[in-house]
Structure formats: structure tokens, C-alpha cells
There are 2 protein chains.
Amino acid sequence: MTPATPSGSRSLDHPDRDDIRLAEVLHALADPVRLRIVCAIAAADGELNCADVALPVSKSTCTHHFRVLREHGVIRQIYRGTAKMNALRRADLDALFPGLLDDVLRAADLEVRRLGDG
Amino acid sequence: MTPATPSGSRSLDHPDRDDIRLAEVLHALADPVRLRIVCAIAAADGELNCADVALPVSKSTCTHHFRVLREHGVIRQIYRGTAKMNALRRADLDALFPGLLDDVLRAADLEVRRLGDG
DNA sequence: TTCATTGTACGAGAATCATCGTAGTTTGAC
DNA sequence: GTCAAACTACGATGATTCTCGTACAATGAA
């Protein structure tokens, strides 16, 4: 079949830094499943396999959420063998929205503790 | 005499602090129109009339966006005569999500400058 | 080659959302 | 009582979103 991408590699579309918009980043983060994904990547302090995040949704839905995060500029995805590694776009996000990502991560952590303790 | 707040029909539902959720706050902020509203209220440094925010949407849509912000815990709305005054729930948001609101406001301001200058 | 692993593509259904116009309500002023 | 101002309620519409299952593709290993 006709390969959609140059042979030997699979490429993924990422927005340039200048094309990242605050409202879209907030929208990407405004979902419980995606918040968990972002927290998991941050906790891994580097790259993380899609399958390494335990999520209460199907595989297709998982793909969907990772794509939303990528298309809105929150994460960067790179193929490595059969796996797809995910990393936060920290440099870009910190440059555009200083402090925002860290505060969201901290707020998510605080909320988990708050609700967990009942 | 007339109480400070109407006791009967003109009350508005606000979530308690403990019922405010990060994902919902992010969702409330993840809309360009609502982002402008929040920035305008912050710039007014206090209460702001609904009609005092210039928005590119109809009056009904305006009502809708203010309600989303209120129901998700971002703003507090109080009737004063025929007007409805709006204020940010700074204390609640800062307690739950330290730094988040300020960073969003700053990021919104930075983005306006960035896109405005081309 | 054959196979398991990993993730995608393609619908599809149910829910939510942003937007509007029109009609109505509440309040304060005259 | 009458009127204008400010906002709401309702219904509708078109778009987006979240979710899923099934079928498929790319890769690395046996």
C-alpha cells in the first residue's frame, strides 16, 4: 500500500511553539484522563510509553487522548520501535506560559491527596 | 428593611470550595471568550458588571459563559439591582490551586501581546 | 517467515458545548 | 402605574467530544 510517510519512519505532526495557544492547552488539560496522563509523564521525569500509563479507558480512547495532548502542544511523541514515547514539551510551555505547567501538576497532586483523604 | 442580599428568588448557586475540581476549572478557562471575561474581571480588580465586558457574542451567549464560570467555581455572582456583579473567587482558587489563577492571567496577557505584535 | 507487541484508522453512538433569537422576569427610576 | 435596563429561560442548531469495537499497520524478535 502507499505509505503515508517516508519509508522507514513514522512521523507525527506537532504544532510549532508559536502556534500553541493558551485556550487549547487548557482545553487539553481539562480532562481527568488527560490530567492523569500528564501527571504520569511528569512523574516519570522523561519519556514514557503509552502503555505504561494505567487508564480506565480502552486502547482507542487512549490513543485519542494522547493525540489531543500532542496536537495542542502539551506533549511530544516519538516512535521508537513498536512503542511510542511521550514527553512533556516543558521548554515550549514554560516559555509561553511561565509557571503554568508546574502549577497544574502541583494542583493535580494536591487534589488527589485532598480527595483521597476524604 | 431590605436585607443586603435578596433572601428569596434571586439567589444563585455556587459550588462550595470543596466541590471545586481542577479539571472543571481548567475547562471553564479553556475558552477564548471566558478567558477574556476572567481577564477583564481581574483587571477591574474587584467587581464587574456583566455588561461592562465587551465580547463578540450575543447577550444569551454571554449569560451562558458567565454561568459556566460560576458553576465551575471560578467567579462569584451577586445581584445588585438590575445588574449582576462578578468577582473572581481568588481565595478559594488560590487555596485549592496555588499560583494557578495568576499564571493563567499572566499567560493570557503574554499571549495577547505576543499575537498582537505579530 | 511467523508471531506478538504496540498503536492507528475508521466508523458510530451518546453526550456536551457554543451560539443564536425571541420572549419573559426582575429591578429601579420617573 | 409605566418604562427602560439588565439579565434569564427556552428551544434550536450545528459542531465538537468522549467513548467504544473491530480491523489494520509497523516494528522487532524467534
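Everything numeric in this text was worked out from a predicted model, so none of it was measured. (Residues numbered from 1 in each chain as written. Chains lettered and ligands numbered in written order. Predicted model: local features only at pLDDT ≥ 70, side-chain atom pairs only at ≥ 80, totals over all residues. Heavy atoms only, no water.)

This part covers the environment of Arg-21 of chain A. When you line up the elements, Arg-21 of chain A lands in the segment before α1 (22-29). For Arg-21 of chain A, a relative accessible area of 25% gives the class partly exposed. A C-alpha to C-alpha distance of 23 Å links Arg-21 of chain A and Gly-46 of chain A, two positions 25 residues apart in sequence. Apart from residues lying up to four places away in sequence, Arg-21 of chain A is in contact with Phe-97 of chain A together with Glu-111, Arg-114 and Leu-115 of chain B. (Helix = DSSP H or I, 4+ residues; strand = E, 2+ residues; numbered from the N terminus. Buried < 20%, exposed > 50% of the residue type's maximum accessible area, 1.4 Å probe, protein only. Contact = heavy atoms within 4.5 Å.)

Bringing the pairing of strand β3 (residues 83-88) of chain B into the picture now. All names here are of chain B. Most of β3 is tucked away, with five of its six residues classed as buried. Pairing of strand β2 (residues 75-80) with β3, which is carried by six bridges, proceeds in the antiparallel orientation. Directly across from Tyr-79, in β3, lies its bridge partner Lys-84. Counted between consecutive antiparallel strands, the loop separating β2 from β3 contains two residues, among which Gly-81 sits at a positive phi close to 65 degrees. (Pairing = 2+ DSSP bridges.)

Moving on to the protein's contact with DNA strand C. Taken together, 23 residues are adjacent to DNA strand C, and Asn-49, Thr-63 and Lys-84 of chain A together with Ser-58 and His-65 of chain B come closest. When atoms of DNA strand C within 4 Å of the protein are split into backbone and base, the sugar-phosphate part holds 64%. Residue Cys-50 of chain A places a main-chain N or O atom 3.3 Å away from a phosphate oxygen belonging to DNA strand C. Within the side chain of Thr-63 of chain A, an N or O atom sits 2.5 Å from a phosphate oxygen of DNA strand C. Listed by contribution, the elements that provide at least two residues to the surface near DNA strand C are α3 (59-71) and β3 (83-88) of chain A together with α3 (59-71) of chain B. In the surface near DNA strand C, the residues fall into five nonpolar, twelve polar and six charged. (Near = heavy atom within 4 Å. Polar contact = N/O pair within 3.5 Å; in protein donor to acceptor, adjacent residues only side chain to side chain. Nonpolar A, V, L, I, M, F, W, Y, C, P; charged D, E, K, R; others polar.)

Here we come to the sheet that holds β3 of chain B. All names here are of chain B. Pairing is antiparallel across the open sheet formed by three strands, whose spatial order is β1-β3-β2. Two strands bound the open sheet, and with one partner strand each, they are β1 (48-49) and β2. Packed on one face of the sheet, helix α2 (residues 32-44) meets β1, β2 and β3 and runs near 85 degrees to β3. (Axes fitted to C-alpha atoms, helices over the stretch in contact; angles between N-to-C directions.)

All names here are of chain A. Tallied over the entire structure, the rule returns 18 salt bridges over all chains. For Glu-47, the salt bridge identified is with Arg-80, shortest N-O distance 3.0 Å. Of this pair, Glu-47 sits in the loop between α2 (32-44) and β1 (48-49) while Arg-80 sits in strand β2 (residues 75-80), and the two are 33 residues apart along the sequence. Look at Glu-47 and you get partly exposed, because its relative accessible area is 34%. Owing to a relative accessible area of 48%, Arg-80 belongs among the partly exposed residues under this scheme. (Salt bridge = Lys/Arg side-chain N within 4 Å of Asp/Glu carboxyl O.)

This part takes up the UniProt feature "domain: HTH arsR-type" (unreviewed entry) in chain A. UniProt annotation of "domain: HTH arsR-type" (unreviewed entry) refers to residues 14-108 of chain A when read in the numbering used here. Helix makes up 53% of residues 14-108 of chain A and strand 15%, with an end-to-end C-alpha separation of 25 Å. (UniProt positions renumbered as here; feature names shortened; annotations may be inferred.)

Here we take up the packing of α2 of chain A against α3 of chain A. Residue and element names in this part refer to chain A. The interhelical angle for the contact between α2 and α3, taken along N-to-C directions, is 70 degrees, at an axis separation of 10 Å. By the angle between their axes, α2 is roughly perpendicular relative to α3. Judged by residue contacts, Val-33, Arg-34, Ile-37, Val-38 and Ile-41 of α2 engage His-64, His-65, Phe-66, Val-68 and Leu-69 from α3. Counted by class, the contact of α2 with α3 contains seven nonpolar, two polar and one charged residues. (Parallel < 35°, antiparallel > 145°, perpendicular 65-115°, else oblique.)

Residues and elements named next belong to chain B. The end-to-end C-alpha separation of α2 is 18 Å, in line with the 18 Å expected for 13 residues at 1.5 Å each. Listed in full, the buried residues belonging to α2 are Val-33, Arg-34, Leu-35, Ile-37, Val-38 and Ile-41. In the segment just after α2, Asp-45 is the residue with positive phi, at about 55 degrees. (Expected span 1.5 Å × (residues − 1).)

Least-squares fitting of chain A to chain B yields an RMSD of 0.1 Å, with the transformation described by 0.0 Å of translation along the axis and a rotation of 180 degrees. Viewed as a symmetry operation, the transformation between the two copies matches a two-fold axis. Here 100% of the contact residues of chain A are again contact residues in chain B; the copies associate through an equivalent surface. (Least-squares fit on C-alpha atoms with pLDDT ≥ 70 in both.)

Our focus in this paragraph is the protein's contact with DNA strand D. Taken together, 24 residues surround DNA strand D, and among them His-65 and Thr-82 of chain A together with Asn-49, Thr-63 and Lys-84 of chain B come closest. Restricting the count to atoms of DNA strand D within 4 Å of the protein gives a sugar and phosphate share of 66%. The contact in question runs from a base nitrogen of DNA strand D to an N or O atom on the side chain of Lys-59 of chain B, over 3.0 Å. Put simply, the parts of the chain that give the surface near DNA strand D at least two residues each are α3 of chain A together with α3 and β3 of chain B. Along the lines of polarity and charge, the residues of the surface near DNA strand D split into five nonpolar, 13 polar and six charged.

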